[in-house]
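Per-entry structural report
The residues making up each chain are set out below.
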Amino acid sequence: MTHNWAAFTSAEPELAKTVEDRFGAFTHHVLATLRKDGSPRTTGLEVRFLKGELWFGMMPDSLKALDLLRDPRFALQANPGEGQSMGGGDVRISGRAIEVTDPREKAGYSEEVEPPEPFHLFRTELTEVVRTYVEDDKYLVLSVWKPGEPVRVIKRT
């Protein structure tokens, strides 16, 4: 069973809204992919939440796109913003990026986003969503969601 953004939103609407708000606060975020040799690569990326999906659009043959075509696993971290406030906390999403090649689906995305042509388009299947924040200037709180499980909350002092 795959879990796209719509499935996550349905399962955990409050956490999903917080995550979308964090990603919406800034344009560029950090994507981690795996190179041919298995070492990590981090690059900047704009993301879109549209029609129940979390989308990645990329320039043709960019290294991050080639990484995902070879091994679809990714980790995505929301831009923390300036300073140390990280309003809404630190947010990370992990999963698999699946290339979209259907011309109609790509055209629908293009109508909404108007990316430079040509481009790679990936939709995501989520394996984990994590939000980390400070509560009452005392606790470090982690909210962890995995498909088929309720959100697990961990508090550390």
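The notes below deal with the structure included here. (Residues numbered from 1 in each chain as written. Predicted model: local features only at pLDDT ≥ 70, side-chain atom pairs only at ≥ 80, totals over all residues. Heavy atoms only, no water.)

What about the overall build of the protein?
Threshold: A run of DSSP states H or I qualifies as a helix once it reaches four residues; a run of E qualifies as a strand once it reaches two. Both are numbered from the N-terminal end. Atoms considered for the radius of gyration are the C-alpha atoms alone. The globule rule reads 2.2 Å times the number of residues to the power 0.38. Contacts are assigned to residue pairs that have any heavy atoms within 4.5 Å of one another. Shrake-Rupley sampling with a 1.4 Å probe provides the accessible areas, and residues are treated as covered by the protein chains on show and by no other component. The positive count covers Lys and Arg only, the negative count covers Asp and Glu only, and His and the chain ends enter neither. For charged residues, the charge sits on one atom: NZ in Lys, CZ in Arg, CG in Asp, CD in Glu.
The number of helices and strands found in the protein is four helices and nine strands. Radius of gyration (C-alpha) of the protein: 16 Å, near the 15 Å computed for a compact globule of 157 residues. If you line up the protein on its principal axes, its C-alpha atoms span 50 × 30 × 30 Å. Taking as baseline every contact in the protein between residues at least 6 positions apart, the subset at least 24 positions apart corresponds to 55%. Put simply, the protein shows about 9000 Å² of open surface, and 51% of that area lies on carbon and sulfur atoms. The positive charge centre, built from 21 side chains, and the negative charge centre, built from 25, are 5 Å apart in the protein.

Concerning the nonpolar core
Short version of the rule: Buried Ala, Val, Leu, Ile, Met, Phe, Trp, Tyr and Cys residues form a nonpolar core when they are joined through side-chain atoms within 4.5 Å. Burial here depends on accessible area, computed with a 1.4 Å probe over protein chains only, as a share of the maximum for the residue type. Under 20% is buried, over 50% is exposed, and the range in between is partly exposed.
Core analysis: the largest hydrophobic core is formed by 24 residues, its most contacted members being F56, L76 and I93. Where this core is concerned, the elements lending two or more residues are α1 (5–11), α2 (13–24), β4 (53–58), α3 (63–70), β5 (73–77), β6 (90–99) and β7 (120–135). The dominant element in this core, judged by the number of residues it contributes, is α2, at four residues. Other than its neighbours up to four places away in sequence, L76 contacts F23, H29, V30, L31, L45, V47, L54, F56, V91, R92 and I93.

Overview of α2
Since one α-helical turn is 3.6 residues long, residues separated by three or four positions face the same way. Let me state the cut-off plainly: Helix span, expected: 1.5 Å multiplied by one less than the number of residues in the helix. Note that the arc is computed from the directions linking the helix axis to the C-beta atoms.
In this model, α2 (12 residues) spans 16 Å end to end at C-alpha, consistent with the 16 Å of a helix rising 1.5 Å per residue. Those residues of α2 that sit buried are L15, A16, T18, V19, R22 and F23. Down the axis of α2, the buried side of the element spans an arc of 160 degrees, and every buried residue falls inside it. α2 presents P13, E14, K17 and G24 as exposed residues on the side facing more than 90 degrees away from its buried surface.

Some details on the environment of F49
Along the chain, F49 falls in strand β3 (residues 47–50). Counting along the chain gives 80 residues from F49 to V129, while the straight-line C-alpha distance between them is 15 Å. With near-sequence residues (within four places) excluded, F49 lies in contact with W5, E20, F23 and L54.

Let's talk about the pairing of β7
Where we set the bar: When DSSP locates at least two bridges between a pair of strands, those strands are taken to pair.
When β4 meets β7, the two strands line up antiparallel, connected through four bridges. If you follow W55 over to β7, its bridge partner there is R123. Relative to β7, β6 runs antiparallel, the two sharing 10 bridges. From the neighbouring strand, V91 faces β7, where its bridge partner is R131. Strand direction decides the pairing type here: β7 and strand β8 (residues 139–145), joined by seven bridges, are antiparallel. Note on β8: the bridge partner recorded for R131 is S143. In textbook terms, the turn of a hairpin is the stretch between consecutive antiparallel strands, and for β7 and β8 this stretch comprises three residues, one of which, D136, has a positive phi near 55 degrees.

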